[in-house]
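# Structural description and commentary
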Amino acid sequence: MTEWNTNIAEAPRGTWEERTVKLPKGGATRNVFKPDQIIIATKCGQVMQSRWLPGAKRWSGLANGEEPVAWMAWPECPSHI
């Protein structure tokens, strides 16, 4: 597991992807947000999984205006399992 990072600006938020969706009158291209999952630590000592919510401009699990105090990358599954 990686170390905690206290620079929240460096936390990965996700990427926007263009996707074609089927509609009754044909297809359309839409921009869809694909969030990155991370682990956050809060000022009250909780540790939880979170992701960036671009519409709300906040991290999931936190209220508007609250920021995590630290974050770390979500671990990858070991390839030998």
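Looking now at the overall build of the chain. Summing up its helical and strand segments, the chain has zero helices and seven strands in all. Moving toward the C terminus, one meets the helices and strands of the chain in the order β-β-β-β-β-β-β. The principal-axis extents of the C-alpha atoms in the chain amount to approximately 50 × 40 × 20 Å. In the chain, which comprises 81 residues, the share counted as buried stands at 23%. Sequence separation of 24 or more characterises 44% of the internal contacts of the chain that already satisfy a separation of 6 or more. For the chain, the computed accessible surface area is about 6100 Å², with 51% contributed by carbon and sulfur atoms. Across the chain, 10 positive and 8 negative side-chain charges occur, with their mean positions spaced 14 Å apart.

Attention shifts here to the sheet that holds strand 3 (residues 38-41). Spatially, 4-3-7 is the arrangement adopted by the three strands of the open sheet, whose pairing is antiparallel. Two strands in the sheet have a free side with no partner beyond their single neighbour: strand 4 (47-50) and strand 7 (70-73). Averaged over all neighbouring strand pairs, the angle between strand axes comes to 30 degrees, with direction disregarded. The pairing of strand 3 with strand 7 spans four bridges and is antiparallel. Across the sheet, Ile 40 pairs through a bridge with Trp 71, a residue of strand 7.

Rules and cut-offs
- Throughout, residues of each chain are indexed from 1 in the direction in which the sequence is written.
- In keeping with the model being predicted, local features are shown solely for residues with a pLDDT of at least 70 and side-chain atom pairs are shown and tallied solely at 80 or more, while totals for entire chains, interfaces and linings include all residues.
- As a rule here, side-chain values cover all heavy atoms of the structure and leave hydrogens and water aside.
- Here a strand is any run of E in DSSP of at least two residues, a helix any run of H or I of at least four, and the numbering for each starts at the N terminus.
- Burial status follows relative accessibility: with a 1.4 Å probe on protein chains alone, a residue under 20% of its type maximum counts as buried, one over 50% as exposed, and anything between as partly exposed.
- Note on definitions: a residue-residue contact is assigned when non-hydrogen atoms from the two residues lie within 4.5 Å.
- A 1.4 Å probe and the Shrake-Rupley method give the accessible areas. Residues count as covered only by the protein chains that appear here.
- Charge assignment: positive for Lys and Arg, negative for Asp and Glu; neither His nor the chain ends contribute.
- Note on charges: their place is set at NZ of Lys, CZ of Arg, CG of Asp or CD of Glu.
- Any two strands with at least two DSSP-identified bridges between them are counted as paired.
- The angle between two axes is taken between their N-to-C directions and runs from 0 to 180 degrees, where each axis is a line fitted to C-alpha atoms and a helix contributes only its stretch in contact.

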